[in-house]
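The lines below spell out each chain.
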Amino acid sequence: MGNSQHAFRFCKVRGLRFNSAGTQQIHSQMCSPAPGLSRVMVLLAAALVSAPGAAWEGWQEEGVQYGQVGADVVLSCAGAHGRSGLEWRRDGAATLPEGSVLQNGDLVLPRAALAARGAYSCHDGKGQLLCSVSLRLGYLPGIPSVTCRASDYENFSCSWTPSLETFLPTRYVTTYRKLLTGDEKWRAKNSLAGPCVQDPASPRTCTVHKCEFWSAYRLNVTEVNPLGASFRLLDVTMHAIIKPDPPEGLVVEPVPWAPRRLRVRWRYPASWPQEPHFQLKFRLQYRPVVHGSWSMVETVNLSEVITDAFSGLEHVVQVGARDFLDAGNWSEWSAEARATPGPGLTAMPGDKATTATDPERLAEEPSPAPNPEPIDRNDPKEKVAVLVSLGIFAFFLLAVGLGIAVLVWLRRRKPIKDETQKHNFLAAAVHMKALPKAQIL
């Protein structure tokens, strides 16, 4: 038993066969024409794959050999030189994959299929174990599918999915570079390129921090496994991929004394830094629970009053956000909030109050005009509106009164003027009659 243990060793791992030239393959796909930069990125990916320890040295586990499905795989038996009667086994059995060939002690698996994976062992003529190897077969990496999104105007994140299952351990190398134009190319610095930081808590995602909102970046996502690597280059423009997170803290409440109104309020998403130059606008969608169609309102405020709700029916409300200047896309809808406006008992005492709450009837009727009742008797805006209305009415009354006074004064002044003219005429006639005739002539 001791001799057997002393004689045991791992089989020698031959050089991996990836293509007809005996070199590792690199797949790439360009997203836009940029020959110079593209060549640099391809060389970078090649360096990552070919550099010792950077690409597949980490997978050089003792006693493990990797092979490509569909390629010839050779398993070497260490210590078999000069020995006869060698035997290969798979998973402890003498049954080997169909087409296997023994050449000078080596086991050759022509065009190995995925099913040929397993633990192989080499034995001498006496059944003594000479070496053992675990064969893992799979495929070269495919070009990953990458999407990017910015939930604020300072950072963007990218996520990716592999295009195929390789059945081999895989890692990803993610980097970015700012795309320069004009004079920026002469002022380029090392800080314009760097790693897209991967978060261990979120597999297959990475984030680029402290970006410029109106700048473009080129992202490189390289998928690496023990057989080789492939990569995707993706051009990213911050203002085109921005998509805020949904607004938070949505609250819907009925409005007192207004049976057809609901007050809605919400907050900015926590991920959006509130700066004067980067504001959000919002859209509100709402409907009675029994209805299937939504009504929608847009606003720049953090609250809104629904004026055409159906009294006595529960309503569902959601809110979404978008950059104020329409950059990027609308956020997803927030979580639902629900509320029921108060019953519409607006008839006078003794009268029969009617409220249309039949869902079929409501579905046929168009949305009525907003309720003319005040939103809130204690609302400061309502008080200001009332005071302005009273002021305009008082000014109108004052103008009418002043006009009437002027007309009365003009009418009274005219008879006095006529009487004065008549009196002056009579006095002149009497004076002429009293003069001597000679003076008159």
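Each value, and the rule that gives it
- Residues numbered from 1 in each chain as written.
- Predicted model: local features only at pLDDT ≥ 70, side-chain atom pairs only at ≥ 80, totals over all residues.
- Heavy atoms only, no water.
- pLDDT = per-residue confidence, 0-100.
- Contact = heavy atoms within 4.5 Å.
- Pairing = 2+ DSSP bridges.
- Helix = DSSP H or I, 4+ residues; strand = E, 2+ residues; numbered from the N terminus.
- Axes fitted to C-alpha atoms, helices over the stretch in contact; angles between N-to-C directions.
- Patch = residues over 30% accessible without salt bridge, like charges linked within 9 Å, V, L, I, M, F, W, Y side chains within 5 Å.
- Areas by Shrake-Rupley, 256 points an atom, 1.4 Å probe, with all protein chains shown as cover.
- Salt bridge = Lys/Arg side-chain N within 4 Å of Asp/Glu carboxyl O.
- Core = buried A, V, L, I, M, F, W, Y, C linked by side-chain atoms within 4.5 Å.
- Buried < 20%, exposed > 50% of the residue type's maximum accessible area, 1.4 Å probe, protein only.

1. What to know about the confidence of the model for the chain
Considering every residue of the chain, the mean pLDDT works out to 76; 67% of them sit at 70 or more. This model gives residues 344–377 a pLDDT under 50, and the stretch forms 49 contacts once residues within four places in sequence are excluded.

2. Looking at the sheet that holds strand 23 (residues 315–323)
An order of 21-20-23-24 is seen for the 4 strands of this open sheet, with the pairing classed as antiparallel. If you trace the sheet from one side to the other, it starts and ends with strand 21 (295–299) and strand 24 (337–339), each paired once. Direction aside, the axes of adjacent strands within the sheet are offset by 25 degrees on average. Across 3 bridges, strand 23 lies against strand 24 in antiparallel orientation. Its bridge partner being in strand 24, His315 is matched across the sheet by Ala339.

3. Remarks on the sheet that holds strand 19 (residues 258–267)
On the basis of which strands lie adjacent, the open sheet formed by 3 strands has the order 18-19-22 and antiparallel pairing. Looking along the sheet, the strands with just one partner apiece sit at the ends: strand 18 (248–255) and strand 22 (303–306). Strand-to-strand twist of the sheet, defined as the mean angle between neighbouring strand axes without regard to direction, takes the value 15 degrees. Note: strand 18 against strand 19, 6 bridges, orientation antiparallel. Bridge pairing in strand 19 links Pro254 to Leu262.

4. Examining a nonpolar patch on the surface
A cluster of nonpolar residues, Phe393, Phe396, Leu397, Val400, Ile404 and Val408, forms a patch on the protein surface that exposes about 570 Å² of accessible area. Turning to its location among the elements, Val400 is positioned in helix 5 (residues 380–434).

5. Some thoughts on the nonpolar core
Cys148, Phe156, Leu219, Val264 and Ile306 are the most contacted members of the largest nonpolar core, which totals 40 residues. Sort the elements by how many residues they give to this core and strand 20 (residues 280–288) lands first, with 4 residues. Those residues in contact with Leu219 that sit more than four places away from it in its chain are Val146, Cys148, Cys158, Thr175, Tyr176, Cys196, Arg232, Leu233 and Leu234.

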